[in-house]
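Remarks on the overall topology
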Amino acid sequence: MNKKKESSLITKLISREQNPPHSLLAFEWVIIIYAALTAIYVAVMYSQLPNPNSMLMMRVQNIAILLAMWLVYRLYPCRGMMALRIGMQLLLLGLWYSDTYEINRILPNLDHVFAAAEQAVFGCQPALLFSQNFSSPWFGELMCTGYGSYFPMLAVVTFFYLMCRPKDFQKIAFVIIGAFFIHYVIFDILPVTGPQYYYHAVGESEIAKGVFPNVHDYFLTHQESTPIPNNLGGPFYQIVKAAHEAGERPTAAFPSSHIGVTIILVFLAWRTRNRWLIGCVTTLFVIMFFGTFYVKAHYVIDAIAGLASGSLCYWVLMRCPDRWTALPLTKQKKKKK
């Protein structure tokens, strides 16, 4: 990047918006509504939840951060501050994801149902056999590259819209954040952990025999999982491993939000008609699709359901009226005659 382009980028980021939106944005209201509804649930189920105080405190802290970022943007409205505003909420998604485990861990586990369905559909457990039949560490690193590209893709697509298509930015931020929280609602009420946890709980030898016992409330007190297969020690293997150790929980398997949100990113990339963005996002999506069950994070039916849930979220959320979801960032003030 030459100096002129660097200067132009910095100018776009720090230049004050002429008529910035003063109210909270649609994606922020999505977060506030979800936080409020789940806080009511925590209050009602207070005596049954293992960590109700920390759950309530997390909601207070996240909403405080949201309001603080809004106030900072009000003080100096520019694209850079808007990028921090959405970027902070993307970073906090990991906390909301882990919180779904705190909500659904008191419900009876359903993995035996989904593993049995997987067996009925495919005649085997693809998540078990895939890494065994493709045991090259290099192939494992490729799968981890797709799986670990999730948040980088999120950052790239949202930043592209902010800088290159600012009039659409708030709309696509609403679509992406809205899709995440729609999936989180499903995860709250559907306790499916995925192969990496269920296989470990039952034993892979039993799974290979087609035995899928009901583990009942096992995951109420257990969070152990199988290791990521085929360790080459490459950078994306390390990224996926670190992400699992930091924020992964026995939750959120069906449908795959990795697939659901990333298919939305594919649609958004194609909407820009930018060949570089389309090529990168689409290629990584294909690798991610297979990577989700290669690393045993999901059953194949989870990935297929993610295609359906993400496509449906995109279709519905993109059709929400613009007056609800997108205030213009760069609308010029009308001059008085």
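Check the entry above for the structure.
Residues numbered from 1 in each chain as written. Predicted model: local features only at pLDDT ≥ 70, side-chain atom pairs only at ≥ 80, totals over all residues. Heavy atoms only, no water.

Focus on helix H13 (residues 257-272)
It helps to recall that an α-helix has 3.6 residues per turn; residues three or four apart then point in one direction. Helix length check: H13, at 16 residues, gives a terminal C-alpha distance of 23 Å against a target of 22 Å (1.5 Å per residue), a fit within 8%. H13 sits mainly inside the fold: 13 of its 16 residues count as buried. Capping the start of H13 is the job of one residue whose side-chain oxygen sits 3.4 Å from the backbone nitrogen of histidine 258: serine 256. One or two steps after H13, the chain reaches arginine 273, where phi turns positive at roughly 60 degrees. (Helix = DSSP H or I, 4+ residues; strand = E, 2+ residues; numbered from the N terminus. Expected span 1.5 Å × (residues − 1). Buried < 20%, exposed > 50% of the residue type's maximum accessible area, 1.4 Å probe, protein only. Polar contact = N/O pair within 3.5 Å; in protein donor to acceptor, adjacent residues only side chain to side chain.)

Some details on the side chain of serine 149
Looking at where serine 149 falls in the secondary structure, it is placed in the loop between helix H7 (137-148) and helix H8 (150-164). Judged by its relative accessible area of 5%, serine 149 falls in the buried class. Separated by 2.6 Å, the side chain of serine 149 and the backbone oxygen of glycine 146 make a polar contact. Once you skip the residues sitting within four places of it in the chain, serine 149 turns out to touch Leu284 and Met288. (Contact = heavy atoms within 4.5 Å.)

So, the packing of helix H2 (residues 26-44) against helix H9 (residues 166-189)
Any two packed helices are characterised by how steeply their axes cross, that is the angle between the axes, and by the distance between the axes. Two elements in contact, H2 and H9, have axes whose closest approach is 8 Å; the angle formed by their N-to-C orientations is 15 degrees. Relative to H9, the element H2 lies roughly parallel. The two elements H2 and H9 cross, and the hand of that crossing is left-handed. Together, Ala26, Phe27, Val30, Ile31, Tyr34 and Thr38 of H2 and Ala173, Phe174, Ile177, Gly178, Phe181, Tyr184, Val185 and Asp188 of H9 make up the contact between the two elements. (Axes fitted to C-alpha atoms, helices over the stretch in contact; angles between N-to-C directions. Parallel < 35°, antiparallel > 145°, perpendicular 65-115°, else oblique. Left-handed = near helix turned anticlockwise from the far one by under 90°.)

A word on the packing of helix H14 (residues 275-294) against helix H15 (residues 300-317)
The N-to-C vectors of H14 and H15 enclose an angle of 145 degrees; their axes lie 8 Å apart at closest approach. The two elements H14 and H15 cross, and the hand of that crossing is right-handed. Facing Phe285, Phe289, Thr292 and Phe293 of H14, the residues of H15 in contact are Val300, Ala303, Ile304 and Leu307. In the contact of H14 with H15, the residues fall into seven nonpolar, one polar and no charged. (Nonpolar A, V, L, I, M, F, W, Y, C, P; charged D, E, K, R; others polar.)

Here's the deal with the pattern of salt bridges
Counted by the stated rule, this structure contains seven salt bridges. Between aspartate 99 and arginine 59 there is a salt bridge, and its shortest N-O distance comes to 2.5 Å. With aspartate 99 in helix H4 (residues 79-104) and arginine 59 in helix H3 (residues 52-75), this residue pair connects regions lying 40 residues apart in the sequence. On the accessibility criterion, aspartate 99 (4% relative accessible area) is buried. Note on arginine 59: relative accessible area 4%, which makes it buried. One salt bridge connects glutamate 206 with lysine 209, and the closest N-O pair in it is separated by 3.4 Å. With a relative accessible area of 61%, lysine 209 lands in the exposed category. Overlapping salt bridges bring together Arg165, Asp168 and Arg271 as one network. (Salt bridge = Lys/Arg side-chain N within 4 Å of Asp/Glu carboxyl O.)

With respect to the nonpolar core
If you look at soluble globular proteins, the nonpolar side chains tend to sit buried side by side. Among the nonpolar cores identified, the biggest contains 96 residues, and Phe180, Phe181, Tyr184 and Tyr198 are the most heavily contacted of them. Broken down by element, the residue count for this core peaks at twelve residues, all from H9. Setting aside residues up to four positions removed in sequence, phenylalanine 181 forms contacts with Val30, Ile31, Tyr34, Leu93 and Trp96. (Core = buried A, V, L, I, M, F, W, Y, C linked by side-chain atoms within 4.5 Å.)

Comments concerning a nonpolar patch on the surface
Among the surface-exposed residues, Trp29, Ile33, Leu37, Ile40 and Val44 lie close enough to one another that they form a single nonpolar patch of about 540 Å² accessible area. Considering the arrangement of structural elements, one finds isoleucine 40 in helix H2. (Patch = residues over 30% accessible without salt bridge, like charges linked within 9 Å, V, L, I, M, F, W, Y side chains within 5 Å. Areas by Shrake-Rupley, 256 points an atom, 1.4 Å probe, with all protein chains shown as cover.)

Some words on the packing of aromatic side chains
Each aromatic ring pair is characterised by the separation of its centres together with the angle its planes make. Enumeration according to the criterion identifies 23 aromatic pairs in this entry. Seen in terms of ring centroids, tyrosine 34 and tryptophan 96 are 5.6 Å apart; in terms of plane orientation they differ by 85 degrees. Their pairing is edge-to-face. Here tyrosine 34, found in helix H2, pairs with tryptophan 96, found in helix H4; they are 62 residues apart in sequence, far enough to count as distant. Of the two residues examined, tyrosine 34 and tryptophan 96, each falls in the buried class. An aromatic cluster is built from Tyr34, Trp96, Tyr150, Phe151, Phe180, Phe181, Tyr184 and Phe187, whose rings are joined through pairwise contacts. (Phe/Tyr/Trp six-rings, centres within 6.5 Å; stacked < 30°, edge-to-face > 60°.)

A closer look at the side chain of glutamate 102
Locating glutamate 102 in the fold gives a position in helix H4. Side-chain polar atoms of glutamate 102 contact the side chain of arginine 105, separated by 2.8 Å.

By themselves, these figures tell us nothing about what the structure is for.
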